[in-house]
Amino acid sequence: MASLVDVAPPEGHSPAQGFEVEYLTCNMADVVFTSGRFAAQTFARATQPSQGTPVDIWWLFRVRAGEARFETAERRIHAGPGALFLISLDDDFRGSITNYDGLLMALPRRSFAGVADQLGEISNVLLSGNLIELLTDYLDRLETRLILMSPEELRQAGRATAQMISACIQLSSDRLEQARGAIESVLFERARLYIETHLGDFDLTPDRIAQKLKISRSNLYRAFESVGGVAGYIMRKRLHAAYAELVGSPDRQVQEVAYRHGFKLASDFTRAFRREFGVSPREMREHARRTSSAS
């Protein structure tokens, strides 16, 4: 970092105390992904970074813990946990962080040539909105998968990540279309986790999911098109969870199992169960009992 940023410990910090940093960096070709923990520090852009040549890189910060303060000639921000913001390494800046945990993405201009002007306009601004929240979820999930990827998968993920960032930060229709697959994947995962957590709720509907996740119904429906729609997905999840309970606990009453998995009426549960599995819940329970007794 010495060629880009001058770093120093905070005032009153003794060099004998040391300076702890623990991080993972992964070069994904189109972006560079870094995550980790950094001790408190002050910093400023180097007077002549990289021997005076332009630094065509932005840093995208995702704060998980701690605080960050940045100041340029025009803007000043104070970012806390949950914040997402951009800093241009070609602008003079200074700032400080407390003991910090988070993500840092290096975004080279060559990967963002189509939105470079827009990225410059929103540098040193706290970003917000539904798509920014979506981008945050995406980056957090990306971190958990990096160590599992092959070099070719990392390159492909780097391209997809660059498109995702462009689409979520600069909302042009063509960029949004390029990243639609990645956006729908994140939407699906967020909705899937919500459905799994609330599977037994009677009022678990597409409208409620869209409202709770702060996304449009049309985007939610589009994310579930490949699995037969949101309502159908919820129904199948409920039925398969009920099937597992009938097999695992064959002494439980059918109505009790139905109620526990979001069905108010046993008759509705029975019809849906037969359509899905070709037998009634009672037939399935009796089969499970016989199998259990025989073993």
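Residues numbered from 1 in each chain as written. Predicted model: local features only at pLDDT ≥ 70, side-chain atom pairs only at ≥ 80, totals over all residues. Heavy atoms only, no water.

Caption draft 1: The packing of helix 2 (residues 130–145) against helix 3 (residues 151–169), seen in detail. In contact at an axis separation of 9 Å, helix 2 and helix 3 are set at 160 degrees when each is read in the N-to-C sense. Considered as vectors, helix 2 and helix 3 are oriented roughly antiparallel to each other. The handedness of the crossing between helix 2 and helix 3 is left-handed. Between helix 2 and helix 3, the residues in contact are L131, I132, L134, L135, Y138, L139 and L142 and A157, A160, T161, M164, I165, A167, C168 and I169, respectively. Of the residues belonging to the contact of helix 2 with helix 3, the class tally is 14 nonpolar, 1 polar and no charged. (Axes fitted to C-alpha atoms, helices over the stretch in contact; angles between N-to-C directions. Helix = DSSP H or I, 4+ residues; strand = E, 2+ residues; numbered from the N terminus. Parallel < 35°, antiparallel > 145°, perpendicular 65-115°, else oblique. Left-handed = near helix turned anticlockwise from the far one by under 90°. Contact = heavy atoms within 4.5 Å. Nonpolar A, V, L, I, M, F, W, Y, C, P; charged D, E, K, R; others polar.)

Caption draft 2: Expanded view of the nonpolar core. Core analysis: the largest hydrophobic core is formed by 48 residues, its most contacted members being M28, L107, F112, L135, I209 and F224. Ranked by residues supplied to this core, first place goes to helix 3 with 7 residues. Other than its neighbours up to four places away in sequence, L107 contacts V31, D56, I57, W58, L60, L86, F112 and I165. Counting 21 residues, the second-largest nonpolar core is a separate cluster that includes L4, F38, W59 and I77. (Core = buried A, V, L, I, M, F, W, Y, C linked by side-chain atoms within 4.5 Å. Buried < 20%, exposed > 50% of the residue type's maximum accessible area, 1.4 Å probe, protein only.)

Caption draft 3: Expanded view of the environment of V5. Within the secondary structure layout, V5 lies in strand 1 (residues 5–8). Among the residues examined, V5 registers a relative accessible area of 5% and is labelled buried. As for V5 and R45, which are separated by 40 residues in sequence, their C-alpha atoms are 4.5 Å apart. Setting aside its immediate chain neighbours within four residues, V5 contacts F43, A44, R45, A46, W59 and F93.

Caption draft 4: Structural view of unusual backbone geometry. You will see that A29, though not glycine, has its phi angle at about 75 degrees, which is positive. In this fold, A29 is placed in the loop between strand 2 (21–27) and strand 3 (32–38). Here the phi dihedral of N124 falls at roughly 60 degrees; this positive angle occurs in a residue that is not glycine. Relative to the helices and strands, N124 is located in the loop between helix 1 (116–121) and helix 2. Overall, the relative accessible area of 3% leaves N124 in the buried class.

Caption draft 5: Local environment of the sheet that holds strand 9 (residues 94–97). Strands sit in the order 1-4-9-6-7 across an open sheet of 5 strands; the sheet is antiparallel. Each end of this open sheet is capped by a strand with a single partner; those strands are strand 1 and strand 7 (76–79). Geometrically, the sheet is characterised by an average inter-axis angle of 15 degrees between neighbouring strands, direction not taken into account. Two elements, strand 6 (residues 68–71) and strand 7, share 4 bridges in a ladder whose sense is antiparallel. For E71, the partnering residue across the bridge sits in strand 7 and is R76. (Pairing = 2+ DSSP bridges.)

Caption draft 6: Structural context of the pattern of salt bridges. Tallied over the full model, the rule gives 25 salt bridges. R94 serves as the salt-bridge partner of E71, at 3.5 Å between the closest nitrogen and oxygen. Of this pair, E71 sits in strand 6 while R94 is found in strand 9, placing the two residues 23 residues apart along the sequence. On the basis of relative accessible area, R94 is assigned to the exposed category, the value being 51%. The network of salt bridges with common partners includes R141, E189, R192, E196 and K237. (Salt bridge = Lys/Arg side-chain N within 4 Å of Asp/Glu carboxyl O.)

Caption draft 7: The arrangement of the environment of G80 in detail. Locating G80 in the fold gives a position in the loop between strand 7 and strand 8 (84–88). Once residues lying within four places of it in the same chain are set aside, the contact partners of G80 are V63 and G66.

Caption draft 8: Looking closely at a nonpolar patch on the surface. Where nonpolar side chains cluster on the molecular surface, the patch consists of V7, F19, V21 and Y23 and spans about 360 Å² of accessible area. Following the sequence through the fold, V7 ends up in strand 1. (Patch = residues over 30% accessible without salt bridge, like charges linked within 9 Å, V, L, I, M, F, W, Y side chains within 5 Å. Areas by Shrake-Rupley, 256 points an atom, 1.4 Å probe, with all protein chains shown as cover.)

Caption draft 9: Main features of the packing of helix 8 (residues 230–248) against helix 10 (residues 266–277). Two numbers describe how helix 8 lies on helix 10: the axes approach to 10 Å, and their chain directions differ by 90 degrees. Overall, the two elements helix 8 and helix 10 adopt an arrangement that is roughly perpendicular. Listed contacts from helix 10 to M235, R236, L239, H240, A242, Y243 and L246 of helix 8 are F269, A272, F273, E276 and F277. Of the residues belonging to the contact of helix 8 with helix 10, the class tally is 9 nonpolar, 1 polar and 2 charged.

Caption draft 10: Here's a closer look at the pairing of strand 8. In terms of residue burial, strand 8 counts as a mostly covered element, since 5 of its 5 residues are buried. Of the two faces of strand 8, the one holding L84, L86 and S88 and the one holding F85 and I87 are both buried throughout.

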